[in-house]
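What the coordinates show
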Amino acid sequence: MKLLVINGPNLNFLGIREKGIYGTEDYEYLKDLLQNKAKAEGHELEVFQSNYEGAIIDKIQEAYHTKVEGIIINPGAFTHYSYAVRDALASVEIPKIEVHISNVHKREEFRHTSVTAPACTGQIVGLGLKGYLLAMDYLTGRAQPAGF
Ligand code: DQA
């Protein structure tokens, strides 16, 4: 399966930024974690990060052209106000899971709103880096209960 992970602004600063919230593992660790899982399960995976809204929109549009079959996106702070990222997500009929490392609902009021989640298939919040792995399991069909 062809998968794409998109990380928004400041996620390249994992392991440096607010360690009490986002943990001590760095962005390279997250990339390796995802690539190792994809490889072990026989999936093709690109892990992309940008601090720029337009670059994220370009990547979502590119996913349409390159026939990506599943997107995992952590839009970072764009989650809370980027109608442009939301519209880009809504433009592509690809299964999409929004992931947040921290439990945004336990944090400041402005983080309680996601304008991007309604354009996604589902959302995983507050489970740390494991949220990305769980999103991958959902997209690849590994998260099926027995008998389904
Ligand atoms: C985040 C939560 C956002 O509110 C924040 O702006 C981020 C990271 C998370 O993964 O918990 O940059 O998306």
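Residues numbered from 1 in each chain as written. Predicted model: local features only at pLDDT ≥ 70, side-chain atom pairs only at ≥ 80, totals over all residues. Heavy atoms only, no water.

In this section: the packing of helix α2 (residues 27–40) against helix α5 (residues 130–140). Following both chains from N to C, one finds α2 and α5 inclined at 25 degrees, their axes separated by 10 Å at the closest point. As the angle between them shows, α2 and α5 are arranged roughly parallel. When you trace α2 past α5, the crossing you get is right-handed. On α5, the residues touching L30, L33, L34, K37 and A38 of α2 are Y132, L133, M136 and D137. (Axes fitted to C-alpha atoms, helices over the stretch in contact; angles between N-to-C directions. Helix = DSSP H or I, 4+ residues; strand = E, 2+ residues; numbered from the N terminus. Parallel < 35°, antiparallel > 145°, perpendicular 65-115°, else oblique. Left-handed = near helix turned anticlockwise from the far one by under 90°. Contact = heavy atoms within 4.5 Å.)

Another aspect to go through is the sheet that holds strand β2 (residues 44–49). Spatially, five strands are ordered β2-β1-β3-β4-β5 in an open sheet, and the strand pairing comes out parallel. Edge positions in the sheet fall to β2 and β5 (122–125), since each has one partner strand and no second. Averaged over all neighbouring strand pairs, the angle between strand axes comes to 15 degrees, with direction disregarded. Inspection of the sheet shows strand β3 (residues 70–74) paired to strand β4 (residues 96–100) by three bridges, in the parallel sense. In the sheet register, I72 faces β4, and the bridge partner there is I97. (Pairing = 2+ DSSP bridges.)

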